Amino acid sequence: MERVVIHTDYIKLDALLKFAGLAETGGEAKERIQAGEVTLNGQVCTMRGKKCVPGDTVELDGRTVKIAEGQ
């Protein structure tokens, strides 16, 4: 499991995929989310603007990313 540190209260799901390197572009992130390929905390999530907070886990293509809070 990979760890991604954010320094804000939340990060939107599409931005997280780009930030974590799970998607190369925002367009790719949007398409993969809308296609139902992304899970948030074990549930398929099709809302690209979904707010992800520290403690959340996102999975795509067998890669799992956990969001951590930065100082």
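Residues numbered from 1 in each chain as written. Predicted model: local features only at pLDDT ≥ 70, side-chain atom pairs only at ≥ 80, totals over all residues. Heavy atoms only, no water.

Peer 1: Got a minute to help me understand the nonpolar core in this structure?
Peer 2: Side chains of nonpolar character tend, in soluble globular proteins, to be buried together. Membership of the largest hydrophobic core comes to 19 residues, with the highest contact counts inside it found for Leu-13, Leu-16, Leu-17, Val-38, Cys-52 and Val-58. Of all elements in the fold, only β1 (2-6), α1 (13-19), α2 (26-34), β6 (57-60) and β7 (63-69) reach the threshold of two or more residues within this core. Among all residues touching Val-38, those that are not within four sequence positions of it are Leu-13, Leu-17, Arg-32, Ile-33, Gln-43, Val-44, Cys-45, Val-58, Glu-59 and Leu-60. (Core = buried A, V, L, I, M, F, W, Y, C linked by side-chain atoms within 4.5 Å. Buried < 20%, exposed > 50% of the residue type's maximum accessible area, 1.4 Å probe, protein only. Helix = DSSP H or I, 4+ residues; strand = E, 2+ residues; numbered from the N terminus. Contact = heavy atoms within 4.5 Å.)

Peer 1: Got a minute to help me understand the sheet that holds β7 in this structure?
Peer 2: Within a sheet, adjacent strands bond to each other through the backbone by hydrogen bonds, running parallel or antiparallel. Taken together, five strands build an open sheet; the order of strands is β1-β7-β6-β3-β4 and the sheet is mixed. If you trace the sheet from one side to the other, it starts and ends with β1 and β4 (43-44), each paired once. Looking at chain direction, β1 and β7 are connected through five bridges and run parallel. Of the residues in β7, the one forming a bridge with Val-4 is Ile-67. (Pairing = 2+ DSSP bridges.)

Peer 1: Looking at this model, I keep getting lost on unusual backbone geometry. Mind explaining?
Peer 2: Note on backbone geometry: most residues besides glycine have negative phi, and most peptide bonds are trans. The backbone of Asn-41 shows a phi angle near 55 degrees, a positive value even though the residue is not glycine. Looking at the element boundaries, Asn-41 is found in the loop between β3 (39-40) and β4. Taking relative accessible area as the criterion, Asn-41 reaches 43% and is therefore assigned partly exposed. Here Asp-61, not a glycine, exhibits a phi torsion of approximately 55 degrees, which is positive. If you trace the backbone, Asp-61 turns up in the loop between β6 and β7.

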